[in-house]
Structures are given as structure tokens and as C-alpha cells.
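One letter stands for each residue in the lines below.
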Amino acid sequence: MPKKLTEVFVKTAKAGVQRVEYRDGHTRGLVLRVTPTGAKTWAVVFRRRSDSRRRRYTIGAYPAYTLTEARNVAQEVLAAIARGDDPAGQAKIRKEAPTFQELAEVWVKRHGRPNKSPRALYDDQLMLKREILPVIGAMKANEVAKRDIIDILVSVAERGARVRSNRIFALMRAIYRWGISEDRIKSDPTQGVRPRTIERPRDRVLTDQEVVTFWHGLNDAPMGQSVATTLQLALVTGQRIGEIAGMAKAELDLSAQKPVWTLSGTRRKNKELTRVPLSPLAMSLIEAALIRSGDSSYVFPSAKGDGPITAHAATRAIGRARPSLGLEHFRVHDLRRTVATGMASLGINPHTISLVLDHISATKGTVTGAVYVKFSFDREKRDALELWAAHLSNLLV
């Protein structure tokens with residue numbers, strides 16, 4: 001017999017040794033199921049005109065859904081049935097739809113790992129873990145609203161990390177666009193959302209005096225010797241700090257008359273194998289690091305395990321050391337810009353500078369370069385790096 005349910009009754013309703021259902025006399029089809037353990041669940045029981053079978057649509061648990069909320073949902077379900085819709089089928093589709101966390105995990109596995117460098121993927125996973133998943137991870141990806149995306153970006157930007165908020169936005173947008181292209185989701189809440197800040201290219205370059213200050217200041221800076229050496233090598237070679245930090249001994253050929261460091265495509269941002277000729281100054285830094293590394297397979301081993309130190313170690317170290325170094329507005333990536341600018345001032349041509357910095361446009365910008373030219377330009381790069389190292393050595397005397 002239907003009973004006009006009340007909030008008090010729903011709150012205190014109990015079952016005996018078997019579960020019991022209470023039908024609501026106010027809203028047709030609404031039932032409250034109570035189990036012997038005390039769990040309470042709302043559902044709508046109905047029959048279609050074309051089908052006499054008794055069907056059931058589960059709304060959700062009490063108290064997540066109050067009596068008023070359950071009645072409202074029940075009315076919506078009954079209205080959908082009257083229109084000929086299938087709420088039970090829609091519920092099944094929703095249940096099987098991925099949460100944002102599930103979508104992100106598949107993106108990492110099928111797109112991130114095959115296509116991104118280890119450092120870039122590590123950074124993406126860090127942003128997911130710290131900024132994104134705590135907010136929308138448990139939500140169905142299709143039900144995340146534009147407002148949810150904006151709230152994440154505003155929260156990050158308002159604590160001062162405005163550029164970081166742009167990176168987080170780019171990651172969420174990439175995951176959603178991939179999800180749509182793979183037919184895993186139907187909507188993209190990042191569409192129409194704007195980045196929180198307009199980024200301008202940095203132009204910070206160390207002067208010759210600042211180079212001297214930086215180099216010698218690392219000796220007394222609050223960082224380990226391995227991290228300090230990676231920063232010095234970044235200034236000597238112009239290579240990316242993450243690739244230097246992960247330098248493996250197997251990548252080095254120091255026995256040759258012209259020593260070289262060879263990085264496989266799996267370690268490169270652009271996925272291309274590259275060779276970095278080593279100048280005498282670079283060799284002196286690497287040889288000292290090899291002595292400190294002991295039996296490790298890496299030139300700069302981590303103190304926490306068998307792997308190398310991370311690229312973020314240098315970034316964090318510079319953050320701590322910036323006051324003692326006395327270099328304003330300085331970041332690790334400014335070292336590559338300093339190398340490029342310094343080489344240009346020595347008369348080295350732009351194409352060779354791009355080769356040294358391993359910009360893919362230098363060798364892959366045309367069909368000829370991408371397909372036919374396999375020459376590694378070792379001679380040109382070695383001449384440029386040795387000229388730059390000689391300039392640094394003269395400054396550091």
C-alpha cells in the first residue's frame with residue numbers, strides 16, 4: 001500500500017531480516033528500498049505502454065538524494081518515459097561512461113607514453129595528480145562543465161602560477177580532444193575557454209659578467225655537486241637540462257679522438273637521435289662527474305635509487321639558489337638562450353646554432369632535410385661548441 005513518505009519517516013525507516021520497499025503515495029512509481037544493514041536506495045518502478053514488464057530505474061542512495069530530490073528525479077524519469085525515452089538505457093550508458101580520471105589514464109597509456117618525452121609526461125602526470133584529478137577526477141568526463149575547467153585555472157592562476165595554469169589548461173584540452181577523436185566521450189568543456197594569461201617569449205640572456213657570477217656562484221649555492229655540474233654542462237653544451245640530468249654512461253664515447261655524447265630518440269624531446277660533440281671544457285666536467293658516480297649506470301645518479309637525478313632537481317635548486325647567485329629573473333632555460341646568443345656574437349651562423357640546440361627545423365624543415373640528408377653535421381657542431389667553450393674558458397680565468 002502506498003504511503004505518503006516524509007523526511008522523518010525516510011530517516012528512521014528500518015528493515016527486518018529481509019529488505020523492504022516503501023512506495024511513495026505522493027509521487028507515482030517512487031520507492032524507497034531499505035536493507036537489513038540500514039542502506040537506503042531510491043528507485044522508480046514503471047511499465048511501458050508497449051511492454052507490460054515491470055522495470056526499475058535506480059535514482060541513488062539516501063541521504064545523497066533527499067526525499068524532495070528523489071521525487072524531482074522520479075518525475076523527470078516518468079516524463080521521459082511518457083516521451084518514449086529509455087531512462088534505464090541512459091543510466092546504463094552513464095554508468096559505463098568513463099570518469100575524467102579513467103579517460104586521463106587511457107590517454108597517458110595510449111598517447112602520452114608513445115608520443116611524449118619522459119620529462120614532459122612526468123610533468124603532465126604531476127599536473128594531473130596535484131591540480132586536476134582532486135577536482136574533477138571522479139566526475140564523468142562528459143559531465144565536467146566549462147565552469148569546472150575555469151575554476152581549476154582560476155585557482156592556480158590566483159596563487160601566482162599564471163603560466164602554470166596555461167599548461168594545465170593545455171593538458172586538459174589535449175585529453176578531451178583525444179577522447180573525442182577516439183570516440184570515448186562526446187563533449188569537450190574546454191572548448192571556448194581562454195588561457196588565464198597571455199604569454200610573452202622570454203628574452204633573458206646572461207651577460208658575460210653574469211656568466212662568471214653564475215658559474216662560480218654554483219660552488220657555494222645550496223645544491224648538490226651533481227646538480228651544479230648539470231647546470232654548468234647546460235651552459236657549455238646548450239643541451240636541455242632534462243637530457244643532461246639523465247645522461248647514461250653508455251651514451252658516452254670518450255675513448256675516441258673526438259669524444260661525443262649520443263642520445264637515442266627515446267630520450268629526446270623531438271624523438272630524433274642526436275650526437276653532441278664534447279669540447280675539452282665539457283669533458284672536464286663529465287670526467288669529474290664520472291668519478292663521483294661510482295658504479296652507477298648514470299653520470300648523475302640519484303641518491304634515492306638506481307636512476308638519474310631528475311630535470312626538476314635543477315629547476316628547484318635554482319629556485320633556492322637565485323638569491324645567493326644574485327641573478328634576477330633567471331631560469332634554467334635561459335642558459336640555452338645564452339648559448340645561442342653567445343654563439344651568434346662569436347660569428348657562428350644561425351643554421352649551425354640550431355643544429356647545436358637540436359632544433360628539429362634545422363634538419364627536418366624540408367622534405368630534403370627530413371628524408372634525404374642523414375649527415376649528422378658533427379664537424380660544424382664541434383667547431384661551434386669548441387669555439388663557445390674557449391670563450392667561456394677565457395671568461396672564467
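Located above this text is the structure these notes cover.
Residues numbered from 1 in each chain as written. Predicted model: local features only at pLDDT ≥ 70, side-chain atom pairs only at ≥ 80, totals over all residues. Heavy atoms only, no water.

Student: What should I look at first to understand the nonpolar core in this one?
Tutor: Inside soluble globular proteins, nonpolar side chains tend to come together where they are buried. Grouped together as the largest cluster of nonpolar side chains are 57 residues, with contacts concentrated most on Phe-214, Met-223, Leu-231, Leu-235 and Met-343. Contacts of Met-223, omitting those with residues within four sequence positions, involve Leu-218, Ala-228, Leu-231, Ala-317, Arg-320 and Ala-321. By size, the runner-up hydrophobic cluster in this structure holds 26 residues, among which are Val-156, Phe-169, Ile-175 and Val-193. (Core = buried A, V, L, I, M, F, W, Y, C linked by side-chain atoms within 4.5 Å. Buried < 20%, exposed > 50% of the residue type's maximum accessible area, 1.4 Å probe, protein only. Contact = heavy atoms within 4.5 Å.)

Student: Can you help me understand the side chain of Asp-123 in this one?
Tutor: Summarising the element assignment, Asp-123 is placed in helix H5 (residues 118-136). The buried category is assigned to Asp-123, whose relative accessible area is 19%. Only 2.9 Å separates the side chain of Asp-123 from the side chain of Arg-164, close enough to count as a polar contact. Not counting chain neighbours up to four residues away, the residues in contact with Asp-123 comprise Arg-164 and His-312. (Helix = DSSP H or I, 4+ residues; strand = E, 2+ residues; numbered from the N terminus. Polar contact = N/O pair within 3.5 Å; in protein donor to acceptor, adjacent residues only side chain to side chain.)

Student: Hey, could you run me through the pattern of salt bridges in this one?
Tutor: Two side chains carrying opposite charge are able to pair once their charged atoms lie near each other. Per the counting criterion, the structure on display carries 15 salt bridges. Linking Arg-33 and Glu-21 is a salt bridge whose minimum nitrogen-to-oxygen distance equals 2.9 Å. Of this pair, Arg-33 sits in strand E2 (residues 30-34) while Glu-21 sits in strand E1 (residues 20-23), and the two are twelve residues apart along the sequence. For Glu-131, the salt bridge is made with Arg-159, and the minimal N-O distance between the two is 2.3 Å. Of the two residues, Glu-131 sits in helix H5 while Arg-159 sits in the loop between helix H6 (146-158) and helix H7 (162-181), which places them 28 residues apart along the sequence. The exposure class assigned to Arg-159 is exposed, which follows from its relative accessible area of 51%. (Salt bridge = Lys/Arg side-chain N within 4 Å of Asp/Glu carboxyl O.)

Student: Before we go on, may I ask you to explain the environment of Thr-190 in this structure?
Tutor: Note on placement: Thr-190 falls in the loop between H7 and helix H8 (208-217). With relative accessibility at 2%, the residue Thr-190 sits in the buried group. Here the side chain of Thr-190 touches Asp-188 through a polar contact of 2.5 Å, side chain to side chain.

Student: Which parts of the structure should I look at to understand H5?
Tutor: At 3.6 residues per turn, the α-helix brings residues three or four places apart onto the same side. Of all bends in H5, the biggest is about 45°, found at Lys-129. Considered for burial, the residues of H5 that qualify are Leu-121, Asp-123, Asp-124, Leu-126, Met-127, Leu-128, Glu-131, Ile-132 and Ile-136. Buried residues along H5 sit in contact with helix H4 (100-115), H6, H7 and helix H12 (311-325). (Bend = angle between axes of the 7 residues up to and from the residue.)

Student: What exactly am I supposed to notice about the sheet that holds strand E5 (residues 252-253) here?
Tutor: Adjacent strands of a sheet pair through backbone hydrogen bonds, lying either parallel or antiparallel. Strand order in the open sheet made by the three strands is E5-E6-E7, with antiparallel pairing throughout. Here the strands that pair on one side only, and so sit at the sheet edges, are E5 and strand E7 (274-277). Relative to E7, strand E6 (residues 260-263) is paired through four bridges, and the arrangement is antiparallel. Following the sheet pairing, Val-260 is matched in E7 by Pro-277. Packing of helix H17 (residues 378-396) onto the sheet brings it into contact with E6 and E7, and relative to E7 it is tilted by some 40°. (Pairing = 2+ DSSP bridges. Axes fitted to C-alpha atoms, helices over the stretch in contact; angles between N-to-C directions.)

Student: Is there a simple way to think about helix H11 (residues 280-293) in this case?
Tutor: When the terminal C-alpha atoms of H11 are compared, their 20 Å separation across 14 residues agrees well with the 20 Å that a helix rising 1.5 Å per residue should span. In the core, the buried residues of H11 are packed alongside H8, helix H9 (225-237), E5 and H17. In the segment just after H11, Gly-294 is the residue with positive phi, at about 65°. (Expected span 1.5 Å × (residues − 1).)

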